[in-house]
Amino acid sequence: MRQLFIVLGLIASILALVMAVTPLSQFAYLPALSALIFGFAAFYISKRKQMPKKTVQLIFLLTIISLVLTTYKSIFNTAEVGNLEELELKEEASIEDSKEILEQLDIDNVDIDSGTPELETEDFQDIQDLEDQ
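The following refers to the structure shown. As the structure is a prediction and not an experimental result, all values here were calculated from the model.

Reading the values: the criteria
Residues numbered from 1 in each chain as written. Predicted model: local features only at pLDDT ≥ 70, side-chain atom pairs only at ≥ 80, totals over all residues. Heavy atoms only, no water. Helix = DSSP H or I, 4+ residues; strand = E, 2+ residues; numbered from the N terminus. Buried < 20%, exposed > 50% of the residue type's maximum accessible area, 1.4 Å probe, protein only. Areas by Shrake-Rupley, 256 points an atom, 1.4 Å probe, with all protein chains shown as cover. Patch = residues over 30% accessible without salt bridge, like charges linked within 9 Å, V, L, I, M, F, W, Y side chains within 5 Å. Salt bridge = Lys/Arg side-chain N within 4 Å of Asp/Glu carboxyl O. Lys, Arg positive; Asp, Glu negative; His and termini not counted. Charge placed at Lys NZ, Arg CZ, Asp CG, Glu CD. Core = buried A, V, L, I, M, F, W, Y, C linked by side-chain atoms within 4.5 Å. Contact = heavy atoms within 4.5 Å. Expected span 1.5 Å × (residues − 1). Arc of directions from axis to C-beta.

A word on the overall build of the chain. From N to C terminus, the chain includes 5 helices and 0 strands. Reading the secondary structure of the chain in the N-to-C direction produces α-α-α-α-α. When each of the 133 residues of the chain is scored for burial, the buried share is 20%. Summing over all exposed atoms, the chain offers an accessible surface of approximately 11100 Å²; the carbon and sulfur share of this is 61%.

Below, the structure is given as structure tokens:
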């Protein structure tokens, strides 16, 4: 049971550390919390059975590092918004360019609202025979 908690704790703490250094750092709290729970369970079992606690200490160390990194990134990293006026001008210019391109196209007057053209029934004598039966 102790080994299971140690393995799960190591996996969760390594996952938390990897997530803490990536842009997904907001989600690193979940594996860090689970690593702490698994670490405390393994520590309790190790203390009760008088077994070495070095790997449990490694779980705590990795989890604390990931929590520090995640907290640091959440406090000091802010989302920077660029100049919105420039984006709006580019969008308007893009719309104007699209209108000019569409006006330059030579498209025959096609009535889109008319639906599908009527099919001549002479080509489909077999279908008419089936409908009559």
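Past the structure itself, the notes keep going.
All right, on to a negative patch on the surface then. Together, Glu85, Glu86, Glu88, Glu91, Glu92, Glu96, Asp97, Glu100 and Glu103 line one region of the surface with negative charge. Take Glu103: it is sitting in helix H4 (residues 84-104).

In this section: the nonpolar core. Phe5, Ile6, Ala42, Ile45, Val56, Ile59 and Phe60 form the largest nonpolar core, which has 7 residues in total. Of all the secondary-structure elements, those providing two or more residues to this core are helix H1 (2-21), helix H2 (29-49) and helix H3 (54-76). It is H3 that contributes the most residues to this core, 3 residues altogether. The residues contacting Ala42, other than those within four sequence positions of it, are Arg2, Phe5, Ile6 and Val56.

This part takes up H1. The first and last C-alpha atoms of H1 sit 29 Å apart over 20 residues, in line with the 28 Å expected at 1.5 Å per residue. Looking at H1, one finds that the buried residues are Arg2, Phe5, Ile6, Gly9, Ala12, Ser13, Ala16, Met19 and Ala20. Each buried residue of H1 lies within a common arc of 165° when the element is viewed along its axis, so the set occupies one face. Opposite the buried face of H1, by more than 90 degrees, sit the exposed residues Gln3, Ile11 and Val21. Next to the buried residues of H1 lie H2 and H3.

Glancing now at a nonpolar patch on the surface. Together, Val21, Leu58, Leu61, Ile65 and Leu69 make up an exposed nonpolar region whose accessible area comes to about 400 Å². Examining the composition of the nonpolar patch, we find that 4 residues originate from one element, H3, more than from any other.

Okay, the side chain of Ser25 next. With respect to the helices, strands and loops of the structure, Ser25 is situated in the loop between H1 and H2. Using a relative accessible area of 8% as the deciding quantity, one classes Ser25 as buried. The residues contacting Ser25, other than those within four sequence positions of it, are Met19, Ala20, Thr70 and Lys73.

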